[in-house]
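Fold and geometry: a report
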Amino acid sequence: MAPSFGRSISFPLTPGRASSKPRHSRSISLPACTTSPHPLLAELNTRIAAVRSLTHSSLTARLTHIHALHSALADLLLFQDPQDALHRATNVCDRLLDAFLLLADAHQGFQECLVALKHAVAESSAALRRSHAARAASATRSQRRAEKELARLAVSVSAIPSKCARLSLVATEDAEMAGALMEAAAASSAASALVFSAASSISSSSSCKKITSVFGSFGKKAVPETAELGLERLQALEQCFDECDGICDKVFRSIVQTRVSLLNIMTPTI
């Protein structure tokens, strides 16, 4: 006997039931709610505040915080909302590109100045050990040139914050995002100017620059006690500059990477 099959009727879900389980899609956009900012934006603001508070810290501490600021900035630029904001505010992106170009050039020059200062310190130490006044005078001239270049670099980056402040933004969500990016550039520039000025002051206040006074007159030997004190100060100065080597390179590379990210954002995908 053939089996019998019961008929069943299926009814479509009502509109209310169909929408009761919304679909979820993954996104890397920042949340639209302005009352609870994205953690990365909060992190950037924290890094900006930390950089601005480092007025009496060591060179390495200031450079470390500048690097941390650029790391937070790089993380933020990976998200879609900052990229969209820069696409809609090309004047902001252009100003940022100019700022980070100046910063990269300045930090590259800073590294070159450190190399020159370390060489001058080494030459001055050798001159003291050998009681060579002419060699000490040559090292002093090299040191002065490096200090003048550091002062010039400090002046050049000091102009960046004022340029960023003159950019007017309409009060929108894009303006909030763009303003945070501009504030990061301004904070990095101000902190970099302090680093360059501090390095110049540390070098100028050392005994390296006054090394020729250790010699009674040209061709005479240095007084042993004075020479020993001068060597100790020169070694401390050389150690200070040595400690900056690694972090200087990290800061320079992070600034270059930030500028590359901005260029990629503004370059249409082919």
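The rules behind the values
- Residues numbered from 1 in each chain as written.
- Predicted model: local features only at pLDDT ≥ 70, side-chain atom pairs only at ≥ 80, totals over all residues.
- Heavy atoms only, no water.
- Helix = DSSP H or I, 4+ residues; strand = E, 2+ residues; numbered from the N terminus.
- Buried < 20%, exposed > 50% of the residue type's maximum accessible area, 1.4 Å probe, protein only.
- Contact = heavy atoms within 4.5 Å.
- Phe/Tyr/Trp six-rings, centres within 6.5 Å; stacked < 30°, edge-to-face > 60°.
- pLDDT = per-residue confidence, 0-100.
- Axes fitted to C-alpha atoms, helices over the stretch in contact; angles between N-to-C directions.
- Parallel < 35°, antiparallel > 145°, perpendicular 65-115°, else oblique.
- Nonpolar A, V, L, I, M, F, W, Y, C, P; charged D, E, K, R; others polar.
- Core = buried A, V, L, I, M, F, W, Y, C linked by side-chain atoms within 4.5 Å.
- Expected span 1.5 Å × (residues − 1).
- Arc of directions from axis to C-beta.
- Lys, Arg positive; Asp, Glu negative; His and termini not counted.
- Salt bridge = Lys/Arg side-chain N within 4 Å of Asp/Glu carboxyl O.
- Polar contact = N/O pair within 3.5 Å; in protein donor to acceptor, adjacent residues only side chain to side chain.

As for the overall build of the protein
Counting its regular elements, the protein contains eight helices and zero strands. Secondary structure elements in the protein, listed N-terminal to C-terminal, are α-α-α-α-α-α-α-α. Taken across its 270 residues, the protein has 40% of its residues classed as buried. Restricting to contacts in the protein with at least 6 residues of sequence separation, those with at least 24 account for 85%.

Digging into the packing of aromatic side chains
Inspection of the entire model under this criterion finds one aromatic pair. Ring geometry for F110 and F196: centres 5.0 Å apart, planes at 40°, overall tilted. You can see F110 sitting in helix α5 (residues 90–130) and its partner F196 sitting in helix α7 (residues 173–205), a full 86 residues away along the chain. Taking the relative accessible area as the measure of exposure, F110 reaches 0% and is therefore buried.

Quick notes on the confidence of the model for the protein
Within the protein, residue pLDDT values average 78, and 71% of them lie at 70 or more. When pLDDT is averaged over each element of the protein, helix α3 (residues 59–76) comes out on top at 93 and helix α1 (residues 15–18) at the bottom at 43. Scored below 50 in pLDDT, residues 5–35 makes 16 contacts in the model with residues more than four places away or belonging to other chains.

Regarding the packing of helix α4 (residues 80–88) against α5
Their axes nearest at 5 Å, the elements α4 and α5 cross at an angle of 100°. With respect to their mutual orientation, α4 and α5 come out roughly perpendicular. Where α4 approaches α5, its residues L86, H87 and R88 are matched on the opposing element by T90, V92, C93 and L96. Within the contact of α4 with α5, the residues separate by chemical class into four nonpolar, two polar and one charged.

Observations concerning the nonpolar core
Across soluble globular proteins, nonpolar side chains have a tendency to be buried as a group. Counting residues in hydrophobic clusters, the biggest one holds 65 residues, and the most contacted among them are L44, L86, L96 and F110. Mapped onto this core, the elements with two or more residues apiece are α2 (39–52), α3, α4, α5, α6 (133–165), α7 and α8 (224–266).

Digging into α3
Relative to the 26 Å expected for 18 residues at 1.5 Å per residue, α3 spans 26 Å between its end C-alpha atoms, a close match to the ideal helical length. Those residues of α3 that sit buried are L59, R62, L63, I66, A68, L69, H70, A72, L73 and L76.

Points about the environment of S138
Along the chain, S138 turns up in helix α6. Separated by 11 residues in the primary sequence, S138 and A127 have C-alpha atoms spaced 9.8 Å apart.

Considering α4
An α-helical segment advances 3.6 residues per turn. Residues three or four places apart therefore align on the same side. Buried within α4 are the following residues: P82, Q83, A85 and L86. Here the buried residues of α4 occupy an arc of 160° about the axis, which is enough to place them on one side.

Remarks on the environment of R152
Mapped onto the elements, R152 comes out in helix α6. In this structure the C-alpha to C-alpha distance between R152 and F196, which are 44 residues apart in sequence, comes to 8.9 Å.

Observations concerning the side chain of R62
Along the chain, R62 falls in helix α3. For R62, which is buried and forms no salt bridge, the nearest opposite charge comes from E243, at a distance of 13 Å. When sequence neighbours within four positions are dropped, the list of residues in contact with R62 reads L54, T55, H56, S57, L194, V195 and A198.

Quick look at the pattern of salt bridges
For the structure on display, the rule yields seven salt bridges. Of the charged contacts in the structure, one is a salt bridge between R52 and E183, with a shortest N-O distance of 2.9 Å. With a gap of 131 residues between them, R52 in helix α2 and E183 in helix α7 connect regions that are remote in the sequence. The salt bridge partner of R135 is E123, with a shortest N-O separation of 2.9 Å. Of this pair, R135 sits in helix α6 while E123 sits in helix α5; the two residues are 12 residues apart in sequence, bridging distant segments of the chain. Linked by salt bridges that have partners in common, K118, D242 and D245 make up one network.

Here's the deal with the environment of S162
Assignment of secondary structure puts S162 in helix α6. A relative accessible area of 35% means that S162 is categorised as partly exposed. Of note is the side chain of S162, whose polar atom sits 2.8 Å from the backbone oxygen of A159.

Quick word on the side chain of S192
Tracing the sequence through the fold places S192 in helix α7. There is a polar contact of 2.7 Å between the side chain of S192 and the backbone oxygen of S188. Setting aside residues up to four positions removed in sequence, S192 forms contacts with I66, L103, H107 and V157.

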